[in-house]
Amino acid sequence: TGSTGYGFRDNNGTMEFANINGGWNQFTMATTGPSFSVNKNNSDQSVSTAVATKLTWSTELFDTNNNFASDKFTPTVPGKYIFYLNLYCSNSTDNCGALIYKNGSFANGLYTRTAAAMASVTVILDMNGTTDYVEAYGYTNGGTIISGSTAYTYFTGAMIAPVNGNNAAGWA
């Protein structure tokens, strides 16, 4: 990268990045933080048309820190988390929506405006490690079924950066 460029390097097992002036700075990556993946185990969910409905999950593929319960994820480690929801509205006539809620409020969502469609959404959220939680919601207009197919309807999340109180920004 030279003395005036950006770059990354492994400095004896410590990841570092170079800023514009070529100075090397250590950074922290989450490698063992909480993560989960759930699906509906091929069991369709009936929903009301044109109403955002909390999705239920019957199968945990993994839950590394036992933070997924009662159809929501409540991490016990503070940090930045990435969440992904994919769902299939098998009998919608107008549109299908994948929605992620944090602490009971809409955080992010995506609507696919076609009949019998799949929708997916990704969001990165700050989680405080105590009371914050996320849930997945589905929306179908003109239909009443969210497919339970394990290939089409699933919810997953993982910590991507831990919180570190050593600096003003809160990140190492």
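Here, every reference points to the structure presented above.
Notes on the structure in this doc start here. Everything numeric here is computed off the predicted structure, so don't read it as measured data.

## A word on the pairing of strand β16 (residues 154-162)
Next, step 1: Note that strand β4 (residues 35-39) and β16 share five bridges and pair antiparallel. Note that in β16 the partner of Phe 36 across the bridge is Gly 157.
Next, step 2: With eight bridges connecting them, strand β10 (residues 79-88) and β16 associate as antiparallel partners. Looking at the pairing, Tyr 84 lines up with Thr 156 of β16.

## Quick look at the state of the cysteines
Next, step 1: Tallied over the full model, the rule gives one disulfide.
Next, step 2: The disulfide that involves Cys 89 links it to Cys 96, with 2.1 Å between the sulfurs. The sign of the S-S torsion, about 70 degrees, decides the handedness of the disulfide formed by Cys 89 and Cys 96: right-handed.

## Considerations on the side chain of Asn 39
Next, step 1: For Asn 39, the location among the structural elements is in strand β4.
Next, step 2: Within the structure, the side chain of Asn 39 is placed 2.8 Å from the backbone nitrogen of Asn 41, a separation counted as a polar contact.
Next, step 3: Setting aside chain neighbours within four positions, we find Asn 39 in contact with Trp 57, Ser 58, Thr 59, Leu 61, Thr 150, Thr 153 and Tyr 154.

## Quick word on the pattern of salt bridges
Next, step 1: Scanning all chains against the criterion turns up three salt bridges.
Next, step 2: With its nearest N and O atoms 2.7 Å apart, the salt bridge here joins Asp 126 to Lys 80. Here Lys 80 lies in strand β10 and Asp 126 lies in strand β13 (residues 118-127), a separation of 46 residues in the sequence.
Next, step 3: Lys 80 sits in the partly exposed class, given a relative accessible area of 26%.
Next, step 4: Two residues, Asp 132 and Lys 102, come together in a salt bridge whose shortest N-O distance is 3.7 Å. One end of the pair, Asp 132, is in the loop between β13 and β14 (134-141); the other, Lys 102, is in strand β11 (residues 95-102), and 30 residues separate them in sequence.
Next, step 5: Residue classification places Lys 102 among the partly exposed positions, given a relative accessible area of 22%.

## A closer look at the sheet that holds β10
Next, step 1: One open sheet holds the five strands; their spatial order is β7-β4-β16-β10-β13, and the pairing between them is antiparallel. Looking at strand neighbours, the two that pair on one side only are β7 (59-63) and β13, the edges of this open sheet. Ignoring strand direction, the axes of neighbouring strands in this sheet form an average angle of 10 degrees.

## So, the packing of aromatic side chains
Next, step 1: This model, assessed by the stated rule, comprises 14 aromatic pairs.
Next, step 2: A ring pair is formed by Phe 73 and Tyr 81, whose centres lie 5.9 Å apart and whose planes are at 65 degrees; its orientation type is edge-to-face.
Next, step 3: Take Phe 73: its relative accessible area is 0%, and that puts it in the buried class.
Next, step 4: Residue placement shows Lys 40 over the ring face of Trp 57; its charged tip is 5.4 Å from the ring centre.
Next, step 5: A cation over a ring is seen here: Lys 72 above Tyr 133, with NZ or CZ 4.2 Å from the ring centre.

Cut-offs and rules
Residue indices begin from 1 for each chain and proceed along its sequence in written order. Thresholds applied to this predicted model are a pLDDT of at least 70 for local features of residues and 80 or more for the giving and counting of side-chain atom pairs; totals over whole chains, interfaces and linings are not thresholded and use all residues. Derived side-chain values reflect all non-hydrogen atoms in the structure, with water molecules and hydrogen atoms excluded from consideration. The criterion for strand pairing is that DSSP finds at least two bridges linking the strands in question. Each helix is a run of DSSP H or I of at least 4 residues and each strand a run of E of at least 2, with the numbering of both proceeding from the N terminus. In this description, a disulfide is simply a cysteine sulfur pair whose atoms lie within 2.5 Å. Counted as a polar contact is a pair of N or O atoms within 3.5 Å, where, for protein atoms, one must be capable of donating a hydrogen and the other of accepting one, and residues adjacent in sequence contribute only when both atoms are in side chains. The criterion used for residue contact is that any of the two residues' heavy atoms lie within 4.5 Å. When a carboxyl oxygen of Asp or Glu is within 4 Å of a side-chain nitrogen of Lys or Arg, the pair counts as a salt bridge. Partly exposed residues are those whose accessible area sits between 20% and 50% of the maximum for their type, while under 20% is buried and over 50% is exposed, using a 1.4 Å probe and protein chains only. The convention used is that axes are lines fitted to C-alpha atoms, helices contributing only their stretch in contact, and that angles between N-to-C directions extend from 0 to 180 degrees. Ring geometry is summarised as follows: Phe, Tyr and Trp rings, the Trp one being its six-membered ring, pair when their centres sit within 6.5 Å, and such pairs are stacked at plane angles under 30 degrees, edge-to-face over 60 and tilted between the two. Put simply, a charge is over a ring when the Lys NZ or the Arg CZ is close to the ring centre, within 6 Å, and near the line of the ring normal, within 35 degrees.

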